[in-house]
Amino acid sequence: MSAGGPAGRLELVRRGEPGFEEVRAAMVWNARKPARSPEVIVRAADERDVARAVRLAGSAGMPVAVRAGGHNWIGSCLREGGMLIDLSRLDGCAVDAASATAVVGPAVTGRELAAALAGRNLAFPVGHCGSVAVGGYLTSGGLGWNPGVWGPACGAVVGVEAVTADGELVRCDERDNADLFWAARGAGAGLFAVVTRFRLALRRLPAVIVRDTYVFALEEVERVASWVDEVAAVLPARVELSVILGTQADGTGRKVVSVTATCFAGSREQAQRSLEAFGACPWAGRALERTREGPVGFGALLDASDGVWRRGDRCAADTLWSARELAVVLPPLAREVERAPSGRSLVLASPAPAGPGRGPADMAFSILGSSYVVGYAIWDDPADDAANTGWLRAAMDRVGPLGSGHYIAETDLLAGPERVRRSFAPQAWRRLAELRARWDPDGVFAPFPRDAWRRG
């Protein structure tokens, strides 16, 4: 169906029309589809469509939500009522190798961007899961690859084009509309504008990427986590550490803790030197498995992640920043992993996943701890929904007192009304409220509070 008028024609489908349910379900990557439903879904072809859609929603009093790739675990783009603007056709990607910049649309996936850059010897801190579109990823902060050197992905956004609440297309950077630019780098699903283009500062593609992994029995978690805390303090910034509590991928069903060091180096020799402290693990003799991979390309890194989070799975996730060491946070989560109803569920942890320091003050994204954990429930059968979502909430509640906040891109906003506020530093939260009042005084864009996601 189309909406006519002097502003042009929009491709849209309304609730109750033939095909609406199929379109609504396709808005969410997760096989666990929320019951929430907008009144109308607009499929935009370009920024002009976005502007027309926002003006139409404003005149009709319909709150606006936005979808780029639909990868959010709770399907935050699906609100009850209002208009959903689907940006999945805004997938342009133009790379300028001479200036090491790119202009990309919100629907470009991390895998697509990495592939476009690799042939030019360039890179960007895309997300660990290659199917994630950059729109939601960058506006939520972006915890991506090589954080010790590259930092959070939103820090490499040097400009955006956005449609505001009055339907105007504006350019934003550190000089023009700087306050909206500040919000666009971290506000996530609560952003009071629609970003239609990102201008990115690119990085040099590391000459060598290597991975080194130890796998231990899960009961070794306390000593392994203590060692991770120690070795993280001495490894070079080019080495990214990750810890997974889950099930060993050998068919035995054994619960394990695996530790992977991914090194982004300029040469094989530099990679070898950078991983010396990791290779000297005092518990190496107790490892069930040790693997070394490399050199590998970005595509191989993304392949490994895509094998864990597969389209068609039923998934739930929740996050926790903490100022405590992993040796304190991980043991209670290991006990929860032991009793997980699905063998595919896991906990992912990382020291300093956004790089060193507390985060820059010129963006809404907030680094709220020195360590970070994400719990993932992954299962197949809809009959097991309650068991798996219940397990995840109980597991994350168990370590909740150890936390200092959440990551807005992945946390379970339905688990409690405080989750949104605790995803931002206090000063950032206050500034977001002030800017929303200034840029969207009539509430055209659906807000953050939990009641914006009614009906599950």
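Residues numbered from 1 in each chain as written. Predicted model: local features only at pLDDT ≥ 70, side-chain atom pairs only at ≥ 80, totals over all residues. Heavy atoms only, no water.

Moving on, we come to the side chain of T101. By secondary structure assignment, the location of T101 is in strand 7 (residues 101-104). A distance of 2.7 Å separates a polar atom in the side chain of T101 from a polar atom in the side chain of S99. Non-local contacts of T101, meaning those with residues more than four positions away in its chain, are made with A94, V95, D96, R199, L200 and L202. (Helix = DSSP H or I, 4+ residues; strand = E, 2+ residues; numbered from the N terminus. Polar contact = N/O pair within 3.5 Å; in protein donor to acceptor, adjacent residues only side chain to side chain. Contact = heavy atoms within 4.5 Å.)

On to the pairing of strand 6 (residues 93-96), then. Sheet analysis places strand 6 next to strand 7, joined by four bridges and oriented antiparallel. Each bridged residue has a counterpart across the sheet, and for V95 the counterpart in strand 7 is A102. Hairpin connection from strand 6 to strand 7: four residues lie between these consecutive antiparallel strands, with A100 at a positive phi of about 55 degrees. (Pairing = 2+ DSSP bridges.)

The subject of this paragraph is the domain arrangement of the protein. Taken domain by domain, the protein comprises domain 1 (11-86), domain 2 (93-205) and domain 3 (208-418). The gap between the C-alpha centroids of domain 1 and domain 3 is 33 Å. Contact residues are listed per partner, giving eight residues for domain 1 and 18 residues for domain 3. Of the roughly 1,100 Å² buried where domain 1 meets domain 3, counting both sides, 60% is carbon and sulfur surface. Per-residue buried area on domain 1 facing domain 3 is highest for W29, R32 and W73; these three make up 59% of the total on that side. Applying the counting rule to domain 1 against domain 3 returns zero salt bridges. Taken together, the links from domain 1 to domain 3 amount to six residue pairs in polar contact (both at pLDDT 80 or more). Partitioned by chemical class, the residues of the side of domain 1 that touches domain 3 number four nonpolar, two polar and two charged. (Domains from an automatic or database assignment. Buried area = accessible area lost by both parts, 1.4 Å probe. Salt bridge = Lys/Arg side-chain N within 4 Å of Asp/Glu carboxyl O. Nonpolar A, V, L, I, M, F, W, Y, C, P; charged D, E, K, R; others polar.)

With 14 residues, helix 13 (residues 426-439) extends 20 Å from end C-alpha to end C-alpha; this agrees with the ideal 20 Å at 1.5 Å per step. Where helix 13 is concerned, the buried positions are A428, L432, L435, R436 and W439. Along helix 13, the residues classed as buried sweep out an arc of 105 degrees about the axis, all on the same side. Opposite the packed face of helix 13, turned more than 90 degrees from it, sit the exposed residues P426, Q427, R430, E434, A437 and R438. For helix 13, the secondary structure elements touched by its buried residues are helix 6 (178-184). (Expected span 1.5 Å × (residues − 1). Buried < 20%, exposed > 50% of the residue type's maximum accessible area, 1.4 Å probe, protein only. Arc of directions from axis to C-beta.)

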